[in-house]
Amino acid sequence: MAEQPTSPMLLPLADGIVPQEVVARTEKRWLTAMTVVLILMMVVVVLTSTVGALHPASNVEVIQPLTLHLGGEFAESNLGTAIEPDGSATVRLIAEQYDFVPHCVQVPAQTPVKFRLTSADVVHGFLLPNTNVNTMVVPGFVAEVRTQFRQVGEYNMPCHEFCGLGHSQMLARVRVVPRDQFRPDSQGRVSCDPQ
Ligand code: CUA
């Protein structure tokens with residue numbers, strides 16, 4: 001009969017207990033795998049942020065966000081719905097913490113509508129439920145989305161990019177009216193106020 005070792009470290013391991021060297025080897029392998037994945041993700045973040053710049057998916061058109069109010073396409077007098085010579089509608093909106101300007105826009109049904117948006121501060125989102133309208137609104141860029149409303153009604157347009165503490169309150173409306181009830185003023189513009 002062989003002599004039993006006296007130190008507990010030298011005793012053979014019971015069934016189901018993994019030896020220390022095997023545990024250490026497995027941990028090292030997982031650490032290496034994790035480090036490789038982390039480095040890979042950092043490379044992807046850096047590469048995509050330098051090569052593919054951040055802008056609305058619809059359109060790459062730059063604009064100076066600090067001087068929007070001073071003139072040009074997004075001056076206050078130019079915001080809202082305008083009817084183009086071809087009969088289509090163009091809606092210009094500014095998204096800012098925490099509202100869309102104007103807060104409500106009116107558009108005719110059965111008419112091509114083009115939304116042009118930009119942000120005065122941070123990244124916002126623009127979404128009309130049950131339509132194809134869904135875009136980011138990034139400061140420094142103009143987002144453009146085209147659609148057509150088949151039915152009259154009122155759409156809520158929530159901001160869907162987290163933009164700060166008031167994000168959840170950032171909501172505006174699009175009121176779609178029948179074509180023959182859509183009456184722009186002499187400048188071809190329409191307000192959403194009750195008439
Ligand atoms: Cu604007 Cu969220």
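The structure under discussion appears in the preceding block.
Cut-offs and rules
- Residues numbered from 1 in each chain as written.
- Predicted model: local features only at pLDDT ≥ 70, side-chain atom pairs only at ≥ 80, totals over all residues.
- Heavy atoms only, no water.
- Helix = DSSP H or I, 4+ residues; strand = E, 2+ residues; numbered from the N terminus.
- Buried < 20%, exposed > 50% of the residue type's maximum accessible area, 1.4 Å probe, protein only.
- Contact = heavy atoms within 4.5 Å.
- Polar contact = N/O pair within 3.5 Å; in protein donor to acceptor, adjacent residues only side chain to side chain.
- Core = buried A, V, L, I, M, F, W, Y, C linked by side-chain atoms within 4.5 Å.
- Phe/Tyr/Trp six-rings, centres within 6.5 Å; stacked < 30°, edge-to-face > 60°.

A. View of the environment of R92. By the secondary structure assignment, R92 is in strand β2 (residues 89-96). For R92, a relative accessible area of 14% puts it in the buried group. When the C-alpha positions of R92 and F115 are compared, they lie 6.1 Å apart, and in sequence the two are 23 residues distant. Dropping the residues within four chain positions of it, R92 is found in contact with E73, F74, N78, L79, G80, A82, E84, V101, P102 and R116. Side chain to side chain, R92 and E73 meet in a polar contact 2.6 Å long.

B. Structural detail: the nonpolar core. Counting 25 residues, the largest nonpolar core has F115, F126, L128, F149 and V174 as the members making the most contacts within it. Counting residues per element, the ones that place at least two in this core are β2, β4 (104-108), β5 (112-119), β9 (153-158) and β10 (171-177). Top contributing element to this core by residue count: β2, with 4 residues. The residues touching V174, leaving out its near neighbours within four places in the chain, are V105, V107, F115, L128, F149, G153, E154, Y155 and M157. One finds L68, F74, L79 and I94 within the second-largest nonpolar core, a separate group that totals 5 residues.

C. Region of the structure containing the packing of aromatic side chains. According to the stated counting rule, one finds 4 aromatic pairs in the structure shown. Seen from their ring centres, F100 and F126 are 5.8 Å apart, and the 70° between their planes marks the pair as edge-to-face. Of the two residues, F100 is situated in strand β3 (residues 99-101) and F126 in strand β6 (residues 124-127); the sequence distance between them amounts to 26 residues. F126 shares its class with F100; the two are buried. Taken together, the ring pairs connect F100, F115, F126, F149 and Y155 into an aromatic cluster.

Everything listed here is a matter of coordinates, which is why it stays silent on function.
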